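What follows is each chain in one-letter form.
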Amino acid sequence: AERVETKLLDILVQVGRTGTLTPVAALEPVVVSGSTVSRATLHNEEEIARKDIRIGDTVLIEKAGEVIPAVVSVRTDLRKGVEKKFRMPKHCPECGSAVVKDEGQVAIRCVNSQCPAQVRRRIEHFASRGAMDIEGFGEAVVNQLVQQKLLADVGDIYSLKSETLLELERMGEKSVANLIEAIERSKSRPLWRLLFGLGILHVGVSASRALADHFPNLNAIAASSVEELQQIPDVGEVVGRSIHEFFREPHNLAVIEKLRKAGLKFDAEPKAEGAAPGFKNTTWV
């Protein structure tokens, strides 16, 4: 991959949908592999310490997999003595809540589940193409709705009215009509997409599909024990416990009730029986 030198101007901290704090390098803009790069993830505090990355350093960057900008190394020979070491904040940069580091884990997390940054990221994830695929429900729209306290969780998406959306910046009648239609279409998405969209910790697309294949509906998943969940492919002890705890959290149950009332699909799709008998008892890799 092409490697380019640039200046690390600052290290910012972003808060993800699960509360994880991620340090991000603010770079002097530079062209790498055909596009201008001004941001690059630094993963976590331990990675920064391992590479001895400091604010003000000259760094080498490349696009990992030719896509994601990453800081590869530091030109320590070019240091002038004014570079500053980075320390992760003791409080969330978005809401000011305390941050914690779970034993045996590298990630530092904000403990406030109602942190505005987490709320925004959860809603963006729910509406993303890989989840409920609500076209037009991007970052700018979500930011405005959360700031104006019109969205507190993903369940509130289905209570939005045209007149409310028309008050947002850069939202005309046509854009609003398209968004309302996209929200309505999302109600028919299959159960696995809803499970993925809920953003359960450690539950990706593969585990969401496995859950929807194994259980008849969302109620059965919510009522299952950790032991039952562990019997499913792609669901081990950690993932099983995470799913079980998610459906025991009162706030999550309240969100799910909103989604139920909105008419989303809670039942799994029926399995096709005997559709391809020639593939029975075969393994494909």
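Residues numbered from 1 in each chain as written. Predicted model: local features only at pLDDT ≥ 70, side-chain atom pairs only at ≥ 80, totals over all residues. Heavy atoms only, no water.

A. Quick look at the nonpolar core. Counting 51 residues, the largest nonpolar core has Phe126, Ile134, Phe137, Ile157, Tyr158, Ile243 and Leu259 as the members making the most contacts within it. Leaving out residues up to four positions away in the same chain, tyrosine 158 has contacts with Phe126, Met132, Ile134, Ile183, Ser186, Lys187, Leu259, Ala262 and Leu264. Leu21, Val32, Leu42 and Val74 belong to the second-largest nonpolar core, a separate cluster that totals 27 residues. (Core = buried A, V, L, I, M, F, W, Y, C linked by side-chain atoms within 4.5 Å. Buried < 20%, exposed > 50% of the residue type's maximum accessible area, 1.4 Å probe, protein only. Contact = heavy atoms within 4.5 Å.)

B. Quick look at the pattern of salt bridges. Summed over all chains, the structure comprises 19 salt bridges. A salt bridge links glutamate 181 to arginine 185, with the shortest nitrogen-to-oxygen separation between them at 3.1 Å. Residue glutamate 181 and its partner arginine 185 are located together in helix 5 (residues 173-186), separated by four residues, close to a single helical turn. Using a relative accessible area of 47% as the deciding quantity, one classes glutamate 181 as partly exposed. Classification of arginine 185 as partly exposed rests on a relative accessible area of 38%. Between glutamate 269 and lysine 265 there is a salt bridge, with its nearest N and O atoms 3.8 Å apart. Note on lysine 265: relative accessible area 32%, which makes it partly exposed. Look at the salt bridges and you will find they share partners, linking Asp52, Arg54, Asp57 and Arg79 into a network. (Salt bridge = Lys/Arg side-chain N within 4 Å of Asp/Glu carboxyl O. Helix = DSSP H or I, 4+ residues; strand = E, 2+ residues; numbered from the N terminus.)

C. Region of the structure containing the packing of helix 2 (residues 116-127) against helix 3 (residues 139-147). Axis separation between helix 2 and helix 3 bottoms out at 10 Å; the angle between their running directions is 135°. In terms of orientation, helix 2 and helix 3 fall into the oblique class. As for the relative orientation of helix 2 and helix 3, their crossing is right-handed in sense. Across the interface between the two elements, Pro116, Val119, Arg120, Ile123 and Glu124 from helix 2 touch Glu139, Val142, Asn143 and Val146 from helix 3. When the residues that make up the contact of helix 2 with helix 3 are grouped by side-chain class, the tally is five nonpolar, one polar and three charged. (Axes fitted to C-alpha atoms, helices over the stretch in contact; angles between N-to-C directions. Parallel < 35°, antiparallel > 145°, perpendicular 65-115°, else oblique. Left-handed = near helix turned anticlockwise from the far one by under 90°. Nonpolar A, V, L, I, M, F, W, Y, C, P; charged D, E, K, R; others polar.)

D. Representation of helix 7 (residues 205-214) in the model. Among the residues of helix 7, those classed as buried are Ala207, Ser208, Ala210, Leu211 and Ala212. On its buried face, helix 7 is in contact with helix 6 (191-197), helix 8 (218-223), helix 9 (226-230) and helix 10 (237-246).

E. Seen up close, the packing of aromatic side chains. What the rule picks out here adds up to three aromatic pairs. Centroid distance phenylalanine 126 to tyrosine 158: 6.4 Å. Interplanar angle 80°. Geometry classified as edge-to-face. Here phenylalanine 126, found in helix 2, pairs with tyrosine 158, found in the loop between helix 3 and helix 4 (162-165); they are 32 residues apart in sequence, far enough to count as distant. A ring pair is formed by phenylalanine 279 and tryptophan 284, whose centres lie 5.6 Å apart and whose planes are at 50°; its orientation type is tilted. Taking the relative accessible area as the measure of exposure, phenylalanine 279 reaches 49% and is therefore partly exposed. Take tryptophan 284: its relative accessible area is 68%, and that puts it in the exposed class. The ring of tryptophan 192 carries arginine 209 above its face, with NZ or CZ at 4.0 Å from the centroid. (Phe/Tyr/Trp six-rings, centres within 6.5 Å; stacked < 30°, edge-to-face > 60°. Lys NZ or Arg CZ within 6 Å of the ring centre and 35° of its normal.)

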